[in-house]
Amino acid sequence: MGCGVSMNARMSKSEKAIKAAILIQRWYRRYLARLEARRMCTWRIFQSIEYHNEQDQLKLHNFFIDMMDHIGDPGPVQETQERSRFPVLLQEDLTTGVKGTDKESEEDVASEYESISVPPEYTGLRLHFPLTVTQVTQMVEYFREKKALHARYAIQLLHEARKRLRLMGNINKATTGVLHEITICGDLHGSLDDLFVVFYKNGLPSPETPYVFNGDFVDRGPHSVEIALLLLAFLLVYPYQVFLNRGNHEDYNMNLRYGFIKEIIIKYKKNASVLVKNFRDVFSWLPLATIIDKKIFIAHGGISDTTDLECIATLERHKYITVLMPPSCDEDPLGILTGRERIDLEWRQVLDLLWSDPRGKLGCGPNTFRGGGCYFGPDVTGKFLKENDMQLIIRSHECKYEGYEFTHNGQVLTIFSASNYYEEGSNRGAYVKIGADLQPRLVQYMCTSFHTEKEMALSQRLSIIEKAAIVYLKEECYANKTALMEAFRQMDPSDKGVITLRNWIETMTSVLNLDLPWRALKNQLVTTPDRDLVYYKSLFETFAVSHRFKETSFTESMYRCRHELETIFRAMDKDNSGFISMDEFEESCHILSQHMNTPLPDDVIKDMAYSMDFNHDGCIDFNEFLEAFRLVDGDFKRPCSEDT
């Protein structure tokens, strides 16, 4: 009997242990589910704001044209003086066209770099053309040390790359071979560390290790210049093993807004205008797609229900310095394009290749999320592959949490190679290898700066990313503060400062045009007296902007355009002093005011200018301008001027 009691006791202990394990397992699963819900919410914030900003690109395109027309053509009396003040990089060819692309002789282009002297004391990397494999390998190490290539060699490299690209067709043709795999990389966006991780894991480009780089080499990241130069250098030494596709960010207009031109101006100062012009021309000559073994189609964005490979193969791709707007009829120097319909057809082909996204819904429709290209469904993919006797579409253009994603029943593969795209830890990067069997083999990675992925717990990484996403969202709220407050007050006629949660959600969605889980986000943005009510004014009490001038709808417009204005200011800074005069600032504000159709008195602009001049030296430093629009915590107290 004693043995029976002992066995029962042991069984009881065992059952308790099993029940405890089940409870722990359930708790852990719920914990992971909550983390995943937070991650998905954070991801939607980043992606929605990114795509929403792209919708505004056409409006900013018009703003830049207004700015350049005003400064570039001020009138017959000041024309020479003003044009000399404003660099060539923003004066010409802003819309589209091939002015200067075909008409310039090789001698004219060569003189651009031959006129730049390299001082004897220069100890950096020197290039000799034609490039050799050894020199390109030296470039890799040179850029790894975060050193900048001399302007003379950078311009000459672009000149040589342009000559090579002009000989290439619109669609690259690649083969795998029996022993070799082709590696396809997606968006890099100026992340040189990610490119070096790919090279470390996979090997440098070579006859044994061919590559396809599927666009978006530049913008957003800090080392776009180095990535673009390095990939073009590999193209020159391995023209039959390295293939470059154009992305939607290899676009002059996108470069104005998203940082590439700003990077060139900062790094190359007095030679910036020549470099911008050469990069602009080189990008317009990049091929639009690559086909592997006649079976795998690679393009940056995707396809549409009108994608025609024969049309793509014959159009003049170099006309599209920017893809955001179609070229006008009078900008065809060869006279081949006759009629608006054909021009629009060809432009649409290019736009869809560079800007489109796949979706689960059948059919093809406008890409309202981005404002360009289209959404294409699995039926569109199936029809395209069947008509062209292919089996897979590889595209990029979208950041994916794992660095890749299969859609459309495995017929579309999205590959994204910039890890930590939104914030450190936000996503992995990936590349894909294709062998003779044409089966994709995926490789993932993540660059880290301080904490390794294993050292930092998942919840810690998520908290950091989540905090950054909320800052992004608060910036978007401030940029639309006037419209939000007007909409809130319409729902609160008695001015109690309280509206229903439902009305708050509807207002946030409609005004910001962001489809986000606002109910889940409310506790991080506003205070709530109970579960169904919101103190809507608290949305702007938790943060402030550090400028010291009166808030108006115009200051909100300036806030939205602050990075674009900084690019303009840097271009106006002809002597690279790092600041602009009060007159130049006021002139830019007047143009922005006219473009936004928001009248602004001179005294208000002057007040803004002097408020930004923190050190009272009569000029506005670029850092002062950006500091004036820095988002800070709500308890920040704006400093008083010295006169008060």
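Residues numbered from 1 in each chain as written. Predicted model: local features only at pLDDT ≥ 70, side-chain atom pairs only at ≥ 80, totals over all residues. Heavy atoms only, no water.

With an unreviewed UniProt entry as reference, the protein is termed Serine/threonine-protein phosphatase with EF-hands, source organism Branchiostoma lanceolatum. In UniProt, the protein has this text filed under Sequence similarities (unreviewed entry): "Belongs to the PPP phosphatase family." (UniProt positions renumbered as here; feature names shortened; annotations may be inferred.)

Moving on, we get to the overall build of the protein. Summing up its helical and strand segments, the protein has 23 helices and 20 strands in all. For the protein, buried positions account for 54% of its 644 residues. If you take every contact in the protein between residues at least 6 apart in sequence, the share linking residues at least 24 apart comes to 74%. With an accessible surface of roughly 29,000 Å², the protein has 53% of that area assigned to carbon and sulfur atoms. (Helix = DSSP H or I, 4+ residues; strand = E, 2+ residues; numbered from the N terminus. Buried < 20%, exposed > 50% of the residue type's maximum accessible area, 1.4 Å probe, protein only. Contact = heavy atoms within 4.5 Å. Areas by Shrake-Rupley, 256 points an atom, 1.4 Å probe, with all protein chains shown as cover.)

So, about the UniProt feature "domain: EF-hand" (unreviewed entry) in the protein. UniProt tags residues 479-514, 560-595 and 600-635 as "domain: EF-hand" (unreviewed entry). Annotated as 64% helix and 8% strand, the span residues 479-514 places its first and last C-alpha atoms 13 Å apart.

To continue, consider the nonpolar core. Ranked by internal contacts, the top residues of the largest apolar core, which has 65 residues, are Phe213, Leu229, Leu230 and Phe279. When residues of this core are assigned to their parent elements, the largest contribution, 11 residues, is made by helix α8 (residues 224-237). Excluding residues within four positions of it along the chain, Leu229 makes contact with Met139, Phe143, Leu149, Ala154, Leu157, Leu158, Tyr268 and Phe279. (Core = buried A, V, L, I, M, F, W, Y, C linked by side-chain atoms within 4.5 Å.)

For the rest of this paragraph, the subject is a nonpolar patch on the surface. A cluster of nonpolar side chains, Trp27, Tyr28 and Leu32, forms an exposed patch at the surface whose accessible area comes to about 310 Å². Of note, Trp27 is situated in helix α1 (residues 2-55). (Patch = residues over 30% accessible without salt bridge, like charges linked within 9 Å, V, L, I, M, F, W, Y side chains within 5 Å. Salt bridge = Lys/Arg side-chain N within 4 Å of Asp/Glu carboxyl O.)

This part is about the side chain of Asn480. Structurally, Asn480 can be placed in the loop between α15 (458-479) and α16 (481-490). Ignoring sequence-local partners within four residues, the contact set of Asn480 consists of Val511, Leu512, Glu556 and Arg560.

Let us look at the sheet that holds strand β9 (residues 374-376). Strand order in the open sheet formed by three strands is β7-β9-β8, and the pairing between neighbours is mixed. Of all the strands in the sheet, the pair left with one neighbour each is β7 (357-358) and β8 (364-366). Looking at chain direction, β8 and β9 are connected through three bridges and run antiparallel. Bridging across to β9, Gly365 finds its partner in Tyr375. (Pairing = 2+ DSSP bridges.)

Let us now look at the pairing of strand β13 (residues 429-434). Burial runs high along β13: six of the six residues are buried. By the alternation rule, side chains of β13 split into Gly429, Tyr431 and Lys433 and Ala430, Val432 and Ile434, which are all buried. Here four bridges tie strand β2 (residues 182-185) to β13, and the two strands are oriented antiparallel to one another. Counterpart to Ile182 in the pairing with β13 is Ile434. Two strands pair when backbone bridges link them, and β13 and strand β14 (residues 440-445) are joined in this way by six bridges, in the antiparallel orientation. Residue Val432 lies in a different strand from β14, and its bridge partner there is Leu442. What sits between the antiparallel neighbours β13 and β14 is a turn of five residues, in which Leu438 has the positive phi angle 65 degrees.

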